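Below, each chain spelled out in residue letters.
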Amino acid sequence: MLCTSCGKRPAQYFRRSSGERLCLNCLFASIEERVWRTIREEKMIEPGDKVAIAISGGKDSLVLLDVLGRLKKRLRDVELEAFTINEGHPYSCFYRMSRADFVRELAEKYGVPYFVFTFKEVFGFTALEVAERIWKRGEHVHMCTIDGVLRRRAMNLIGKKRGWTKIATAHNLDDEAQTVMLNVLMGNIKRFAWYAAEDSEEKDLIKRIKPLKKVREEEIAIYAYYRGIPLMELECPYVYDNPRYGLKFLLAELEGDMPNVKYNLASFGERLAELVRVEEGYRRCKYCGAVTARDVCRVCELFEKAGLLKEYLEKARELGYLQPNATTLV
Ligand SMILES: [Zn+2]
Ligand SMILES: [Zn+2]
């Protein structure tokens with residue numbers, strides 16, 4: 001059977017949602033075009049932007065770097081750089097850093113500078129140091145939560161220093177659909193507002209963009225495999241009690257009868273976020289002055305639980321992160 005797009009090469013991939021049968025060339029071209037169209041239609045990247053590409057080391061982030069690298073010449077007057085944040089637990093450090101050479105090479109190929117930043121230099125503590133303090137005090141906070149909360153803050157802080165106007169993350173269609181599903185199942189309508197806030201240009205948050213958000217994970221995996229991007233997916237050891245893990249299988253099952261279910265969920269979430277956004281007000285954290293929907297931001301809450309709030313705020317002041325209206329703890 002021949003590719004339905006070029007009609008020349010044999011078809012190697014069946015795209016169920018559209019009924020296309022594609023050769024690898026046409027599949028790759030269509031992924032690049034989809035990313036390009038998403039960027040254009042949503043004005044994700046515009047002239048004058050300095051876009052930082054977040055590299056976790058997983059295949060999705062490497063594919064993001066590869067696709068944006070290829071699109072670079074079409075992005076006029078745009079500066080690209082790539083970065084990795086090293087949270088500092090032995091496992092993820094080893095995993096991420098084992099890829100650093102590959103990332104550096106890939107980035108270099110497209111003329112994109114690449115940097116590695118650590119939690120230790122931003123917060124004064126590694127994720128594991130924070131987690132161990134929290135756990136020792138009998139509190140239950142998931143490692144993924146600690147990583148996620150601190151990583152988001154670290155990106156904003158580093159980005160402000162480096163003059164980033166956008167941070168590109170590798171979230172794909174499957175991630176987006178899972179997030180929506182998870183929030184619906186947990187009855188967590190406020191989370192939608194907060195996702196919208198992260199996407200907006202609220203105060204001192206750097207705008208997040210997700211150029212791969214309309215690309216299925218499966219297509220990313222094929223792209224990675226055939227373009228020589230390492231696929232070895234060493235999952236985070238804490239992933240198995242993460243609720244997302246089960247959702248992955250549930251969505252795959254639903255897809256059997258509803259080939260567009262992931263698109264539907266993702267666009268449902270986006271539209272809901274626009275509706276919820278209006279009602280949410282923003283405040284500043286009473287300790288550090290960061291933008292938050294609550295009294296105390298989640299970063300300060302974590303450091304408070306770990307008994308390290310004072311140390312964290314001192315570090316923040318020393319590095320010039322404290323907002324002018326932040327209170328001091330003495
Ligand atoms: Zn083709
Ligand atoms: Zn705070």
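All values reported here derive from a predicted model rather than from experimental measurement.

The rules behind these values
- Residues numbered from 1 in each chain as written.
- Chains lettered and ligands numbered in written order.
- Predicted model: local features only at pLDDT ≥ 70, side-chain atom pairs only at ≥ 80, totals over all residues.
- Helix = DSSP H or I, 4+ residues; strand = E, 2+ residues; numbered from the N terminus.
- Buried ≥ 20, exposed ≤ 12 C-beta atoms within 10 Å, placed from the backbone.
- Axes fitted to C-alpha atoms, helices over the stretch in contact; angles between N-to-C directions.
- Parallel < 35°, antiparallel > 145°, perpendicular 65-115°, else oblique.
- Left-handed = near helix turned anticlockwise from the far one by under 90°.
- Contact = placed C-beta atoms within 7 Å.
- Nonpolar A, V, L, I, M, F, W, Y, C, P; charged D, E, K, R; others polar.
- Core = buried A, V, L, I, M, F, W, Y, C linked by C-beta atoms within 7 Å.
- Arc of directions from axis to C-beta.
- Pairing = 2+ DSSP bridges.
- Right-handed = clockwise from strand over helix to strand, strands pointing away.

(A) Summary view of the overall build of the protein. Looking only at helices and strands, the protein has 14 helices and nine strands in total. Buried residues in the protein amount to 35% of all 330 residues.

(B) Quick look at the packing of helix 1 (residues 24–41) against helix 10 (residues 217–226). At a closest axis distance of 11 Å, the pairing of helix 1 and helix 10 adopts a crossing angle of 120°. Overall, the two elements helix 1 and helix 10 adopt an arrangement that is oblique. Here the hand of the crossing between helix 1 and helix 10 comes out left-handed. Of the residues in helix 10, those touching helix 1 at L24, L27, F28 and I31 are E219, I222, Y223 and Y226. Of the residues contributing to the contact of helix 1 with helix 10, the split by class is seven nonpolar, no polar and one charged.

(C) Quick look at the environment of R283. Within the secondary structure, R283 is located in strand 8 (residues 283–284). On the basis of neighbour counts, which here come to 13 C-beta atoms within 10 Å, the residue R283 falls in the partly exposed class. Residues R283 and D295 lie 12 residues apart in sequence; the distance between their C-alpha atoms is 7.2 Å.

(D) Region of the structure containing unusual backbone geometry. Non-glycine residue K43 carries a positive phi angle of around 50°. Turning to its location among the elements, K43 is positioned in the loop between helix 1 and strand 3 (50–54). We note that D77 has phi near 60°; this positive angle belongs to a residue other than glycine.

(E) Spatial organisation of the environment of N264. Here N264 shows up in helix 12 (residues 261–277). In this structure, the C-alpha to C-alpha distance between N264 and A177, residues 87 residues apart in sequence, is 8.1 Å.

(F) Representation of the nonpolar core. I53, L64, L65, A82, V130, A168 and C288 are the most contacted members of the largest nonpolar core, which has 74 residues in total. Among all residues touching L64, those that are not within four sequence positions of it are I53, A168, A170, P211 and L212.

(G) Fine view of helix 6 (residues 127–136). A127, V130, A131 and I134 are the residues of helix 6 that are buried. For helix 6, the angular spread of the buried residues around the axis is 95°, confining them to a single face. If you follow the buried residues of helix 6, they end up packed against helix 5 (119–123), helix 7 (143–162) and helix 13 (298–305). G138 sits one or two residues past helix 6 and shows a positive phi near 80°.

(H) Expanded view of the pairing of strand 4 (residues 79–86). Across the eight residues of strand 4, six count as buried, placing the element largely inside the fold. Where strand 3 meets strand 4, five bridges bridge the pair, whose relative direction is parallel. Looking across to strand 4, one finds that A52 is bridged to E81. Following the backbone out of strand 3, through helix 2 (residues 59–71) and into the adjacent parallel strand 4, one traces a crossover that is right-handed. Examined bridge by bridge, strand 4 and strand 5 (residues 114–118) share five bridges and lie parallel to one another. Considered in strand 5, the bridge of N86 is made with T118.

(I) Representation of the sheet that holds strand 6 (residues 166–168) within the structure. Here we have five strands laid out as an open sheet, ordered 5-4-3-6-7, and parallel in their pairing. Two strands in the sheet have a free side with no partner beyond their single neighbour: strand 5 and strand 7 (207–209). Neighbour to neighbour, the strand axes of the sheet diverge by 30° on average, direction disregarded. Strand direction decides the pairing type here: strand 6 and strand 7, joined by three bridges, are parallel. If you follow I167 over to strand 7, its bridge partner there is R208. Where helix 4 (residues 100–109) meets the sheet, its contacts fall on strand 4 and strand 5, and the angle it forms with strand 5 comes to roughly 145°.

(J) Representation of the packing of helix 2 against helix 4. Relative orientation of the contacting elements helix 2 and helix 4 amounts to 15°, with a least axis distance of 9 Å. Here helix 4 runs roughly parallel to helix 2, going by the angle between their axes. Remark: the crossing between helix 2 and helix 4 carries left-handed chirality. Contact with helix 2, carried on its side by L62, L65, D66 and G69, involves V103, L106, A107 and K109 of helix 4 and no other residues of that element. Here the contact of helix 2 with helix 4 is built from residues that sort into five nonpolar, one polar and two charged.

(K) Region of interest: the environment of E79. On the secondary structure map, E79 appears in strand 4. Distance from E79 to K50, taken between C-alpha atoms, is 4.6 Å for residues 29 residues apart in sequence.

(L) Local environment of helix 13. Among the residues of helix 13, V299, C300, L302 and F303 are the ones counted as buried. Looking straight down helix 13, one finds that the buried residues subtend no more than 160° of arc, so they occupy a single side. For helix 13, the secondary structure elements touched by its buried residues are helix 6, helix 7 and helix 14 (309–318). Positive backbone phi, approximately 70°, marks G307, located one or two places after helix 13.

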